[in-house]
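Coordinate analysis (summary)
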Amino acid sequence: MSELIGKIIALGATLFLIVVAVVVGSKVFSSTTTVSEIQNLNTIVSNVRNLYANQPNYNGLTTAVAIQAGVFPSNMVQGNTAVNKWGGQVTLAQNTSNPNAFDLTYTNVPQDQCIQLVNNTQASNLVSVAVNGTTLNPPLNPGQIANACNNPTNNTITWTIR
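Rules and cut-offs
- Residues numbered from 1 in each chain as written.
- Predicted model: local features only at pLDDT ≥ 70, side-chain atom pairs only at ≥ 80, totals over all residues.
- Heavy atoms only, no water.
- Helix = DSSP H or I, 4+ residues; strand = E, 2+ residues; numbered from the N terminus.
- Buried < 20%, exposed > 50% of the residue type's maximum accessible area, 1.4 Å probe, protein only.
- Contact = heavy atoms within 4.5 Å.
- Arc of directions from axis to C-beta.
- Phe/Tyr/Trp six-rings, centres within 6.5 Å; stacked < 30°, edge-to-face > 60°.
- 1 Å grid on protein atoms, 1.4 Å probe; cavity = no way out; pocket = protein on both sides within 12 Å on 5 of 7 lines; lining within 4 Å.
- Points joined across faces, edges and corners; volume = space filled by probe spheres on them.
- Nonpolar A, V, L, I, M, F, W, Y, C, P; charged D, E, K, R; others polar.
- pLDDT = per-residue confidence, 0-100.
- Core = buried A, V, L, I, M, F, W, Y, C linked by side-chain atoms within 4.5 Å.

1. What about the overall build of the chain?
Scanning the chain for helices and strands turns up four helices and seven strands. Ordered by position from the N terminus, the helices and strands of the chain form the series α-α-β-β-β-β-α-β-β-α-β. Put simply, the chain has 162 residues, and 36% of those count as buried. Counting contacts in the chain only where the partners sit at least 6 residues apart, residues at least 24 apart contribute 60% of the total.

Okay, here's the thing in structure tokens:
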């Protein structure tokens, strides 16, 4: 009987360790994905600025033009579309109300990554960020960001950048 109890305790301890490993691994993967997307965002913004450096504004900027010009990192391009790490579309366009700014939109962003992306992509050239239709103006605070990133699995973020 004591041998059976010992095996049950060992099995319980093993299952506990497996659960802990899965939870920790999930958090590490999530963090790595967010850092990778922040790098992608910085690359896209830099490449758009370089592409339009000798232009008076961002007239004509579209996702298709950006793909043809190599604005997106190659791992984001799937045919005629750009996608993020969560399988959502990434689009670029001249801002409709300010021709001297452009909009970079990410869809299908999970809630925790939404909060991290928005919080870690504040720069001096940021005009605003719209999250799920809520426009946030810099300086942003984590409380505003958390309230806007309110969908557990499918948030849409649009950065308006000068």
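2. Some remarks on helix α3 (residues 111-119)
Every buried residue belonging to α3 is among Q113, C114, L117 and V118, and all of these are buried. Mapping the buried residues of α3 onto a view down its axis gives an arc of 125 degrees, with all of them on the same face.

3. Looking at the packing of aromatic side chains
This model, assessed by the stated rule, comprises three aromatic pairs. Between Y52 and Y58, the aromatic rings sit 5.5 Å apart at their centres with planes inclined by 50 degrees, giving tilted as the arrangement. A residue is classified by how much of its surface remains accessible, and Y58, at 9% relative accessible area, is buried. Their ring planes at 90 degrees and their centres at 5.5 Å tell us that Y106 and W159 sit as a pair that is edge-to-face.

4. What about unusual backbone geometry?
In this chain, P138 is followed by P139 through a cis amide linkage whose omega measures 0 degrees. Summarising the element assignment, P139 is placed in the loop between β6 (134-136) and α4 (142-148). Phi is positive for N108, close to 65 degrees, though the residue is something other than glycine. Within the element layout of this structure, N108 appears in strand β4 (residues 102-109). One non-glycine residue, N132, adopts positive backbone phi at about 55 degrees. Mapping N132 onto the fold places it in the loop between β5 (126-131) and β6.

5. A look at the layout of surface pockets
The space that makes up the largest pocket amounts to roughly 160 Å³. Taken together, L41, N42, V45, L104, N120, T121, Q122, A123, N125, L126, W159 and I161 make up the full set of residues lining the largest pocket. Looking at the lining of the largest pocket, the elements that each hand over two or more residues are α1 (2-51) and β7 (155-161). Top contributing element to the lining of the largest pocket by residue count: α1, with three residues. Across the lining of the largest pocket, the residue classes tally to seven nonpolar, five polar and no charged.

6. As for the confidence of the model for the chain
Scored by pLDDT, the chain comes out at a mean of 86, with 81% of its residues at no less than 70. Here residues 10-30 scores under 50 on pLDDT; set against residues more than four positions off or in separate chains, the count is two contacts.

7. Some points on the nonpolar core
Grouped together as the largest cluster of nonpolar side chains are 35 residues, with contacts concentrated most on I44, L92, Y106 and W159. Listing elements by their share of this core, those giving two or more residues are α1, α2 (63-68), β3 (89-94), β4, α3, β5, α4 and β7. Counting residues per element, this core draws most heavily on α1, at five residues. Not counting the four nearest positions on each side in its chain, I44 is found in contact with V71, F72, P73, M76, V90, L92, L104 and Y106.

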